[in-house]
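An overview of the molecular structure
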6 protein chains.
Amino acid sequence: MQLALSTWQEVEEYLQTRSGIIVPIGSVEQHGPNGLIGTDHLTAEFVARGVGDAIGCMVAPTLAYGMSQHHLGFAGSATLRPATLMLVVRDVVQSLAVHGFRRFFFINGHGGNIASVTAAFDELYAMRSLGEADTPVRCRMKLWSDGPRTRALSRELYGDADGHHATCTEVSVAQFYQPQAIKQAQLAPHVAPPSGGFFEGADYRSRFPDGRIGSAPALSSPEHGERLFAAAVQDMTEAYQAFLAY
Amino acid sequence: MQLALSTWQEVEEYLQTRSGIIVPIGSVEQHGPNGLIGTDHLTAEFVARGVGDAIGCMVAPTLAYGMSQHHLGFAGSATLRPATLMLVVRDVVQSLAVHGFRRFFFINGHGGNIASVTAAFDELYAMRSLGEADTPVRCRMKLWSDGPRTRALSRELYGDADGHHATCTEVSVAQFYQPQAIKQAQLAPHVAPPSGGFFEGADYRSRFPDGRIGSAPALSSPEHGERLFAAAVQDMTEAYQAFLAY
Amino acid sequence: MQLALSTWQEVEEYLQTRSGIIVPIGSVEQHGPNGLIGTDHLTAEFVARGVGDAIGCMVAPTLAYGMSQHHLGFAGSATLRPATLMLVVRDVVQSLAVHGFRRFFFINGHGGNIASVTAAFDELYAMRSLGEADTPVRCRMKLWSDGPRTRALSRELYGDADGHHATCTEVSVAQFYQPQAIKQAQLAPHVAPPSGGFFEGADYRSRFPDGRIGSAPALSSPEHGERLFAAAVQDMTEAYQAFLAY
Amino acid sequence: MQLALSTWQEVEEYLQTRSGIIVPIGSVEQHGPNGLIGTDHLTAEFVARGVGDAIGCMVAPTLAYGMSQHHLGFAGSATLRPATLMLVVRDVVQSLAVHGFRRFFFINGHGGNIASVTAAFDELYAMRSLGEADTPVRCRMKLWSDGPRTRALSRELYGDADGHHATCTEVSVAQFYQPQAIKQAQLAPHVAPPSGGFFEGADYRSRFPDGRIGSAPALSSPEHGERLFAAAVQDMTEAYQAFLAY
Amino acid sequence: MQLALSTWQEVEEYLQTRSGIIVPIGSVEQHGPNGLIGTDHLTAEFVARGVGDAIGCMVAPTLAYGMSQHHLGFAGSATLRPATLMLVVRDVVQSLAVHGFRRFFFINGHGGNIASVTAAFDELYAMRSLGEADTPVRCRMKLWSDGPRTRALSRELYGDADGHHATCTEVSVAQFYQPQAIKQAQLAPHVAPPSGGFFEGADYRSRFPDGRIGSAPALSSPEHGERLFAAAVQDMTEAYQAFLAY
Amino acid sequence: MQLALSTWQEVEEYLQTRSGIIVPIGSVEQHGPNGLIGTDHLTAEFVARGVGDAIGCMVAPTLAYGMSQHHLGFAGSATLRPATLMLVVRDVVQSLAVHGFRRFFFINGHGGNIASVTAAFDELYAMRSLGEADTPVRCRMKLWSDGPRTRALSRELYGDADGHHATCTEVSVAQFYQPQAIKQAQLAPHVAPPSGGFFEGADYRSRFPDGRIGSAPALSSPEHGERLFAAAVQDMTEAYQAFLAY
Ligand code: NI
Ligand code: NI
Ligand code: NI
Ligand code: NI
Ligand code: NI
Ligand code: NI
């Protein structure tokens, strides 16, 4: 059930029996020569809607822009600063809490968001702990690719060549979601250099010249994407339900 | 050309000859009994992509969440505070300016965004005027429904019953874009009460009990939406090109 | 009744029967070769005090500094950044609300303030809508020159040559208010170039070399100012009372 | 020379030989039963303009609102929070520095501003010390009543009964500046209780029931005000010139 | 080499050959019935100074206060909000970078700091990536207890009973560092309940009634502390040198 | 009683009869050729703990970093910006107030902190005065060297040569506290130039080439430090108790 495609009366009805919502969050950042700039938010949105379709839970509009400062060396990447992203998360959670939402499950497509979004959760909890806020909101975030089924399938399909950025897994899922935007590109070397950490955008680019980290997304395919998507929906459904039950 | 569906190398190539980009911006807020909560961002995105398809210009991922505090009396509405929205606009513009984008045309689906986004533009310009920023970014925002062709067609189709919130026009365009989410609802009175202004969410709800202002969206249809969409794409294409030429 | 010229006990007494207050707001910015840098705040203050004299309502001290980044290309102009101006408006409203003021009518001398001050109002309302604030403050802002009597008289006196910045109207009212500071200056061309929009300070100056937009303030006179002032006081009195009654 | 009553071309000419400016700053806060709410900003403005008249230096529009949280227990008092006031000072200084002003002398009417404004100066200097700002602005603030001539005359006229808030000195100067607003009020006790410090507004009011601290402003008169004003203008002229020469 | 115990001339000399510095960071939060509130910052400081003694690198004064909102249900705990902690980290790094420090290695005693401090690093890098900052600062943070030698020894000494908060390891190291403050306390149950996550302070306390998570710090001793300290100094020395070499 | 060396249960017990706490605050900044960079926070901490030992009151962990922008011209100095320091003070006070602390006595080692910390107190009080905060916290700050006994002894020992920065007094107390870090250095001239004010870091360095202001810390000794420490502990004990009783 997509919030964007609902009326306020439908949401009101939903809230009579439930108080959980899924918020997809991603990024706008380069994903190597054959990966889409929207990969992270498209895949998070796709998986989140898959969970919504599977169990009828509410799915909020996607937070497309994330914390991507390290990708600003590549054209088209856009970042929210950490402090900005934190305020966005705060406002979205506080708004939805007005109506009765209490459990916010962020399905995340981008590792770079983790620190800022976790810090945003801590800001929200701090308001409670300091006696400023009355409403007990509870938040959790998971990378959609980080559940047991998805990790197992990624490993089976790509082994170590799945990599750490512009991974085979995410490129495959994006190809399955947006088949009209499958890109052909030279990927040399086949497997991109592994990560040992990075700092600002220029540093990132000097270490990872085509944007990929440790991945070989020439291996990606929409067929893989279909299987990975199914695994991720199952993983995230399970994680969401565990969160509600916690 | 959607930024989200491009690779960084495609964006780099685009920037060799162009420096303009369209940013769709909307809201997550109630649109009356038969309007979608996502109406504003869905329609802004739809029109923006229409312009992108028409003339090949770059279209950024949609800023779905806007300034909607006055709708928080209705379930499902979410707001960014003005200060938050201003930071989001700043960060997105500054990020894209790193790569060479210089002209930012915001296609807007929500009147409530105007003050905050205009203030955000002023913040960006102030940095230049105060000698803090070197890059000359230039921004303009237009409501997609506010061009001459679209206004004329809205008037022809609905007259005064188009209204000011949950307008027949926007509901029709959303129905054309998302036909699977056309809602049936009782709309009583047929035409909602007119606006004389409003303050916080509770005040808004007391004045406009079902969320609409001055509109009769029972008149909306996807067929109207198709015609209105075409008009809006033409209007916005013209406005974008006038902006580039200014 | 000027707040600045009252004692706290007089204000306490006022609040036993009334809860409205007028806040004049202007700017510190160039107004062309014969216009005063203080034009906007002087005229807003003058009209506001005129309303206060007419109907005995409370008039707060003037917010002299506004959002004027676009004028920083001309010596003597000063701006508050939008975010700063928003905090000023917030603090002033919140402070006065402590005592029982509930209706805040901003008489504005400067179009450039509209976005930031409107955004400030939205911040205040958002606190209410999000459940953070208990006190129901209500705010409205009007340009003193934008009521029906004043617009009609401006048109009668100057037609299109009234212009958009350093208007004949505001220069006349300032001359009537501060006759010791009437300036003689060469105004070439007689009518300044019209506006098509502007961005940062340097851009503004390149488009409007002497600071004026579309105006011919050589036509201004303190005699005109007297008539325009009377019209503006009537317009703003009416607008204030309509606001109280809303 | 008042900035508000100058044209931009007059300011430009001033800056060819000088780079100093005086900024009056005060407050909007109760001043006891016979003191005006505007006492601090009116007197600061009056003295600042006196200096401007004496030596032809530029005087900026008055910052009427200051840091007055401790007076919020009395009707009509308004405060800027410290962080807001700091941003106001920053923006005003940065704006005027764009044009070539380098020395900012704040003539202050309110002791409660000292911490916040000093902290604002430190913010500005920190930007330089941290390598973020190129323009070497220099700021100093003085209470207009704290020069040697004025202190001596206050002591001669009132002795210890001058007090610490709603002082005889400031009430006299305000009476001289605004004779139409001289108030008659019962002042019991004749000398208000002395200060031992205070915290929030309610605490202040419980310690100082009519708002005064240690003063007997029944002793004030416009005649005293005239003499004190003359002394203060001399003191501040000297202090300003010493600052320019430092 | 402790920065606090050096003169500026000694630091100047250090910077002629080196540009790295260690910043200890901890928290002020409950550590169960026999753990010190200062455990995290005391141990981080102790290990950091141990590294400084071992290899002569510079050690900055300890950031004692961290992000501890979840511990506010227990007396004496204090938190910096995430946004505050981020500004502290920014200012410390920017200040030291003025003098030539370039590599900032944070030795961390508290897992709850990771999100906020990582977000702070991202803010700093974002300034570079967005073209606002020229100085290439590089930061890394490690938990002092998370190196290979220390983890192995903790496991050997305590197995799973080391736990996740108020761990045997940290309590032992604190006992070795501050033997005068070894506490005797009833620890029932011997092993505290394991973690499944927590939200605000009240939630934390309801899940972990005496403050510990999964640990049995009755097992702790200063003798263990001595061995664990030695291991941690070796681990952190290695990690610091790897960071400098990266 | 040090908070850092207590358990939460010990703090809980303390709060059953008391609600006061001492917070030492200092700086990280140059103190001339023979003064330690940590002088201000080391001495504030030392005196605060002395008071804690004398009367059993609670002493919080030291805020080592203060507002030191003016020292950034000397290697090793670090500043928090005023706005950052204000947030730190706010968070620490608000956190401890959750548990029942109500009286916060800051023992300060650095004059440069006064404006920012006072402004922070005003922010806290403003929240109360504006009706946003319920908890009545009360704060006071004193320089440890500014009590009657200590001033008298400083004058006896050093006369005018005590100076204003890197004073003989503070250097002596630091030598007594950290005898292993007594420095030998050339101090020429014997007495550093006196202060007439300063602005940013570069300005400070140009006026005070070796960092000292008006002092002759070659006169300092740990023996003096012992006596000055005893005097300061007495002064601060008295001041703390007067604050509690106010
Ligand atoms: Ni990705
Ligand atoms: Ni709409
Ligand atoms: Ni104007
Ligand atoms: Ni006063
Ligand atoms: Ni710990
Ligand atoms: Ni010192």
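Every value quoted in this text rests on a predicted model; they were computed, and no experiment measured them. (Residues numbered from 1 in each chain as written. Chains lettered and ligands numbered in written order. Predicted model: local features only at pLDDT ≥ 70, side-chain atom pairs only at ≥ 80, totals over all residues. Heavy atoms only, no water.)

Observations regarding the overall build of chain A
Tallying secondary structure elements over chain A gives eight helices and four strands in all. Beginning at the N terminus, the succession of helices and strands in chain A can be written as α-β-α-β-α-β-α-β-α-α-α-α. Taken along its principal axes, the extent of the C-alpha atoms in chain A is 55 × 35 × 30 Å. Across the 246 residues that make up chain A, the buried fraction comes to 67%. Residue pairs in contact within chain A that sit at least 24 positions apart in sequence constitute 76% of those at least 6 positions apart. By element, 50% of the accessible surface of chain A is carried by carbon and sulfur atoms, the whole surface being about 7800 Å². Averaging the locations of the 18 positively and 24 negatively charged side chains of chain A gives two centres separated by 3 Å. (Helix = DSSP H or I, 4+ residues; strand = E, 2+ residues; numbered from the N terminus. Buried < 20%, exposed > 50% of the residue type's maximum accessible area, 1.4 Å probe, protein only. Contact = heavy atoms within 4.5 Å. Areas by Shrake-Rupley, 256 points an atom, 1.4 Å probe, with all protein chains shown as cover. Lys, Arg positive; Asp, Glu negative; His and termini not counted. Charge placed at Lys NZ, Arg CZ, Asp CG, Glu CD.)

Focus on the relation of the copies chain A and chain B
When chain A is brought onto chain B, the operation consists of a screw motion whose angular component is 180 degrees and whose axial shift is 0.0 Å, with 0.0 Å RMSD remaining. The superposition operator between the copies reduces to a two-fold rotation axis. No C-alpha of chain A approaches the rotation axis more nearly than that of Thr84 of chain A, which lies at 3.4 Å. Taken together, the interface assignments show that 100% of the residues at the interface of chain A recur at the interface of chain B, consistent with an identical surface on both copies. (Least-squares fit on C-alpha atoms with pLDDT ≥ 70 in both.)

Quick notes on the coordination of the nickel ion (ligand 5)
Residue and element names in this part refer to chain E. Protein-derived ligands of the nickel ion (ligand 5) are His31 (NE2), Asp40 (OD), Glu170 (OE) and Glu170 (OE), with the metal-ligand distances lying across 1.9 to 2.8 Å. Counting the intervening residues between successive donors of the nickel ion (ligand 5) yields the motif H-x8-D-x129-E. Residue His31 is found in the loop between strand 1 (20-25) and helix 2 (39-55), and its partner Glu170 is found in helix 6 (residues 168-177); the two are separated by 139 residues along the sequence. Looking at His31, the relative accessible area reads 0%, which means it is buried. (Donors = N, O, S within 2.8 Å, 3.2 Å for Na, K, Ca; no water.)

Some points on the coordination of the nickel ion (ligand 4)
Coordination of the nickel ion (ligand 4) by the protein comes from His31 of chain D (NE2), Asp40 of chain D (OD), Glu170 of chain D (OE) and Glu170 of chain D (OE), over a distance range of 1.9 to 2.7 Å. Given four donor atoms and angles of 51 to 138 degrees at the metal, the environment of the nickel ion (ligand 4) is assigned as irregular. (Tetrahedral: all angles 85-135°; square planar, octahedral: opposite > 155°, others 65-115°.)

Observations regarding the packing of aromatic side chains
What characterises a pair of aromatic rings is the spacing of the ring centres plus the angle enclosed by the ring planes. A complete count under the given rule lists 96 aromatic pairs over all chains for this structure. With a centroid separation of 5.0 Å and an interplanar angle of 70 degrees, the aromatic rings of Phe198 of chain F and Tyr204 of chain F are classed as edge-to-face. On the basis of relative accessibility, which here comes to 28%, the residue Phe198 of chain F falls in the partly exposed class. Classification of Tyr204 of chain F as buried rests on a relative accessible area of 0%. Through a chain of ring-to-ring contacts, the aromatic side chains of Phe105, Tyr125, Tyr240, Phe243 and Tyr246 of chain A together with Phe199 of chain E assemble into a single cluster. Against the face of Phe243 of chain C rests Arg103 of chain C, its NZ or CZ located 5.1 Å from the ring centre. (Phe/Tyr/Trp six-rings, centres within 6.5 Å; stacked < 30°, edge-to-face > 60°. Lys NZ or Arg CZ within 6 Å of the ring centre and 35° of its normal.)

Some thoughts on the interface of chain A and chain B
Taken together, the contact pairs 55 residues of chain A with 55 residues of chain B. Contact with chain B buries surface across chain A, with Leu5, Trp8 and Tyr65 of chain A losing the most and accounting together for 19% of the total. There are four salt bridges connecting chain A and chain B. Summed over the shared surface of chain A and chain B, the number is 24 residue pairs in polar contact (both at pLDDT 80 or more). Breaking the side of chain A that touches chain B down by element, the ones donating at least two residues are helix 1 (8-14), helix 2 (39-55) and helix 3 (82-99) of chain A. Residues of the side of chain A that touches chain B, tallied by class, amount to 28 nonpolar, 19 polar and eight charged. (Buried area = accessible area lost by both parts, 1.4 Å probe. Salt bridge = Lys/Arg side-chain N within 4 Å of Asp/Glu carboxyl O. Polar contact = N/O pair within 3.5 Å; in protein donor to acceptor, adjacent residues only side chain to side chain. Nonpolar A, V, L, I, M, F, W, Y, C, P; charged D, E, K, R; others polar.)

Concerning the sheet that holds strand 3 (residues 103-108) of chain D
Strand pairs in the sheet, formed through backbone hydrogen bonds, run parallel or antiparallel to each other. All names here are of chain D. Pairing in this open sheet of four strands is parallel, and the strands run 2-1-3-4 from one edge to the other. On the outer flanks of this sheet lie strand 2 (58-59) and strand 4 (138-143), each paired with one strand and no other. Strand contacts of helix 3 (residues 82-99): strand 1 (20-25), strand 3 and strand 4, with the helix running at about 140 degrees to strand 3, the strand carrying the most contacts. Helix-sheet contacts for helix 8 (residues 222-245) involve strand 1, strand 3 and strand 4, and the interaxial angle to strand 3 is about 155 degrees. (Pairing = 2+ DSSP bridges. Axes fitted to C-alpha atoms, helices over the stretch in contact; angles between N-to-C directions.)

Thoughts on the sheet that holds strand 2 (residues 58-59) of chain F
All names here are of chain F. Strand order in the open sheet formed by four strands is 2-1-3-4, with parallel pairing between adjacent strands. Either end of the sheet is taken by a strand with one partner, and the two such strands are strand 2 and strand 4 (138-143). With respect to the sheet, helix 3 (residues 82-99) is in contact with strand 1 (20-25), strand 3 (103-108) and strand 4, its orientation differing from that of strand 3 by roughly 140 degrees.

Points about the arrangement of the chains
One finds no contact linking chain A with chain D; the least C-alpha distance across the pair is 18 Å. There is no contact between chain C and chain E; across them, the least C-alpha separation is 18 Å.

Overview of the environment of Pro193 of chain D
Residues and elements named next belong to chain D. With respect to the helices, strands and loops of the structure, Pro193 is situated in the loop between helix 6 (168-177) and helix 7 (201-207). Owing to a relative accessible area of 29%, Pro193 belongs among the partly exposed residues under this scheme. Along the backbone, Pro193 and Ser215 are 22 residues apart, and their C-alpha atoms lie at a distance of 7.8 Å.

Quick word on the pairing of strand 3 (residues 103-108) of chain B
Residues and elements named next belong to chain B. The buried fraction of strand 3 amounts to six of the six residues, a majority that puts the element mostly inside the structure. Here strand 3 shows a buried face lined by Arg103, Phe105 and Ile107 and a second buried face lined by Phe104, Phe106 and Asn108. Note on the crossover from strand 3 through helix 4 (residues 114-129) to strand 4 (residues 138-143): the handedness is right-handed. (Right-handed = clockwise from strand over helix to strand, strands pointing away.)

Some details on helix 5 (residues 148-158) of chain C
Think of an α-helix as 3.6 residues a turn; residues three or four steps apart then line up on the same face. All names here are of chain C. Where helix 5 is concerned, the buried positions are Thr150, Leu153, Ser154 and Tyr158. One side of helix 5 carries all its buried residues, which in axial view fall inside an arc of 105 degrees. Exposed residues on helix 5 whose side chains face more than 90 degrees from its buried face are Arg155 and Glu156. The secondary structure elements touched by the buried residues of helix 5 are helix 6 (168-177) and helix 8 (222-245). (Arc of directions from axis to C-beta.)

Re the packing of helix 5 (residues 148-158) of chain A against helix 8 (residues 222-245) of chain A
Residues and elements named next belong to chain A. Taken N-terminus to C-terminus, the directions of helix 5 and helix 8 make an angle of 155 degrees; their axes are 7 Å apart at the nearest point. With respect to helix 8, the axis of helix 5 lies roughly antiparallel. Facing Pro148, Arg149, Thr150, Leu153, Ser154, Glu156, Leu157 and Tyr158 of helix 5, the residues of helix 8 in contact are His224, Arg227, Leu228, Ala231, Ala232, Gln234, Asp235 and Glu238. Residue classes in the contact of helix 5 with helix 8 are distributed as seven nonpolar, four polar and five charged. (Parallel < 35°, antiparallel > 145°, perpendicular 65-115°, else oblique.)

Remarks on the pairing of strand 1 (residues 20-25) of chain B
Residue and element names in this part refer to chain B. Strand 1 sits mainly inside the fold: six of its six residues count as buried. A two-sided burial pattern is seen for strand 1, the buried positions comprising Gly20, Ile22 and Pro24 on one face and Ile21, Val23 and Ile25 on the other. Bridge analysis of strand 1 against strand 3 gives six bridges, and the strand direction is parallel. Of the residues in strand 3, the one forming a bridge with Pro24 is Ile107. Alignment of strand 1 against strand 2 (residues 58-59), held across two bridges, turns out to be parallel. Paired with Ile21 across the bridge in strand 2 is Met58. Crossover handedness for the path strand 1 to helix 2 (residues 39-55) to strand 2: right-handed.

Structural notes on the confidence of the model for chain A
Reading predicted coordinates in detail is not appropriate for stretches of low pLDDT. For chain A, the mean per-residue pLDDT works out to 97, and 100% of the residues sit at or above 70. Quick note on the complex model: pTM equals 0.98, ipTM equals 0.98. (pLDDT = per-residue confidence, 0-100.)

Some thoughts on the pattern of salt bridges
Following the criterion strictly, the structure yields 90 salt bridges over all chains and no others. Between Glu45 of chain E and Arg49 of chain E there is a salt bridge, with the nearest N and O atoms lying 3.6 Å from each other. Taken as a pair, Glu45 of chain E and Arg49 of chain E lie in helix 2 at a separation of four residues, close to a single helical turn. The class of Glu45 of chain E is buried, set by a relative accessible area of 12%. For Arg49 of chain E, a relative accessible area of 28% corresponds to the partly exposed category. Members of the salt-bridge network, linked through shared partners, are Arg128 and Arg138 of chain A together with Glu200, Asp203 and Arg207 of chain E.

Digging into unusual backbone geometry
Put simply, Ala188 of chain C and Pro189 of chain C share a cis peptide bond, and its omega is 0 degrees. When you line up the elements, Pro189 of chain C lands in the loop between helix 6 and helix 7 (201-207). Even without a glycine there, the phi angle at Ala166 of chain E is positive, about 55 degrees. Relative to the helices and strands, Ala166 of chain E is located in the loop between helix 5 (148-158) and helix 6. Exposure remark for Ala166 of chain E: the relative accessible area of 0% places this residue in the buried category.

Let's talk about the packing of helix 2 (residues 39-55) of chain F against helix 6 (residues 168-177) of chain F
All names here are of chain F. Look at helix 2 against helix 6: their axes get within 9 Å of each other, and the N-to-C directions meet at 70 degrees. For the element pair helix 2 / helix 6, the angle class is roughly perpendicular. The interaxial crossing formed by helix 2 with helix 6 has left-handed handedness. Two secondary-structure elements touch here, helix 2 through Thr39, Asp40, Leu42, Thr43, Glu45, Phe46 and Arg49 and helix 6 through Glu170, Val173, Ala174, Phe176 and Tyr177. For the contact of helix 2 with helix 6, a count of residues per class yields six nonpolar, two polar and four charged. (Left-handed = near helix turned anticlockwise from the far one by under 90°.)

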